[in-house]
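Close look at the chain arrangement
In case you want the letters, here they are:
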Amino acid sequence: MTELILMQLLVCIVQYFIATSENIRNIFVVTLLFNAFNLLCYYLNGDMATVYSYLVICTRSVIYIYRDKIKKHKWHFAIPISAIVIQTAVGFTAIENPWQLLPIIAPCYVNYYLWFYESTQKLRLGNIVNNGLWGIYNFATGLWIIGIVRAITVAMNAVSYKTHKKV
């Protein structure tokens, strides 16, 4: 349990950076770290269905760091579509309970918003929805510490969205 708490403290720090950054590329790099920390947390908790999902999520995160270069090609739209298909396939082959539909739905939404949203404000909104879904999953499956961190993440992104909103 101590490892999970320490990992989630690191996740909070990473999420603070994501919530306050104005550089989209930096958000993608830090998102990779966030996803790697969460992969390790779910592994330590023995939630292998979510670990498999997070392996796909981490791979996608590496690709998304280079999103601006890839989007110059005509075929760039195939990246998020492929990621959604792979995420769904991996999720449904590893699903163990109905609550694990949320770890399938949330990353599919993330594939869309990380690829097509062009502003940090829209990324913050996407992060609020995504972490809200993951928070519900974490509370429902008894991962309270991760659920609390997801709620903190939602709050940080909401505050950041409000403070960066142009009047």
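One can find the structure itself at the top, above this paragraph.
Here's a quick rundown of the structure. (Residues numbered from 1 in each chain as written. Predicted model: local features only at pLDDT ≥ 70, side-chain atom pairs only at ≥ 80, totals over all residues. Heavy atoms only, no water.)

**What about helix α3 (residues 48–65)?**
Working note: α-helix, 3.6 residues per turn, so residues spaced by three or four point in the same direction. Its 18 residues give α3 an end-to-end C-alpha distance of 26 Å, which sits within 8% of 26 Å, the value for a rise of 1.5 Å per residue. Considered for burial, the residues of α3 that qualify are Ala49, Thr50, Val51, Ser53, Tyr54, Val56, Ile57, Cys58, Arg60, Ser61, Tyr64 and Ile65. Residues of α3 that are buried sit in contact with α2 (24–45), α4 (67–70), α5 (78–94), α6 (102–116), α7 (120–140) and α8 (144–164). (Helix = DSSP H or I, 4+ residues; strand = E, 2+ residues; numbered from the N terminus. Expected span 1.5 Å × (residues − 1). Buried < 20%, exposed > 50% of the residue type's maximum accessible area, 1.4 Å probe, protein only. Contact = heavy atoms within 4.5 Å.)

**A short note on empty space enclosed by the protein**
Over the atoms, a rolling probe the size of a water molecule traces out where space has been left empty. In this structure the tally under the stated criterion is two cavities of 30 Å³ or more. The computed volume of the largest cavity comes to approximately 190 Å³. Lining the largest cavity are 21 residues, with Thr31, Val110, Tyr113, Asn127 and Asn130 sitting closest to its centre. Looking at which element gives the most residues to the lining of the largest cavity, the answer is α7, with six residues. The residue makeup of the lining of the largest cavity, split by class, is eleven nonpolar, seven polar and three charged. Volume-wise, the second largest cavity comes out at about 30 Å³. (1 Å grid on protein atoms, 1.4 Å probe; cavity = no way out; pocket = protein on both sides within 12 Å on 5 of 7 lines; lining within 4 Å. Points joined across faces, edges and corners; volume = space filled by probe spheres on them. Nonpolar A, V, L, I, M, F, W, Y, C, P; charged D, E, K, R; others polar.)

**Some points on the pattern of salt bridges**
In the structure shown here, the tally under the stated rule is three salt bridges. One salt bridge connects Arg67 with Glu118, and the closest N-O pair in it is separated by 3.5 Å. Here Glu118 lies in the loop between α6 and α7 and Arg67 lies in helix α4, a separation of 51 residues in the sequence. On the basis of relative accessible area, Arg67 is assigned to the buried category, the value being 1%. Across the pair Glu118 and Lys71 runs a salt bridge whose closest N-O atoms are separated by 2.4 Å. Of this pair, Glu118 sits in the loop between α6 and α7 while Lys71 sits in the loop between α4 and α5, and the two are 47 residues apart along the sequence. In the salt-bridge network here, residues are joined through shared partners; they are Arg67, Asp68, Lys71 and Glu118. (Salt bridge = Lys/Arg side-chain N within 4 Å of Asp/Glu carboxyl O.)

**Brief notes about the nonpolar core**
Grouped together as the largest cluster of nonpolar side chains are 36 residues, with contacts concentrated most on Tyr42, Tyr54, Tyr64, Leu114 and Trp134. Elements supplying a minimum of two residues to this core: α1 (2–20), α2, α3, α5, α6, α7 and α8. Here this core takes nine residues from α2, the largest share from any one element. Setting aside its immediate chain neighbours within four residues, Tyr42 contacts Asp47, Thr50, Val51, Tyr54, Trp134, Tyr137, Asn138, Leu143, Ile146 and Arg150. (Core = buried A, V, L, I, M, F, W, Y, C linked by side-chain atoms within 4.5 Å.)

Treat this as a map of the structure, not an account of what it does.
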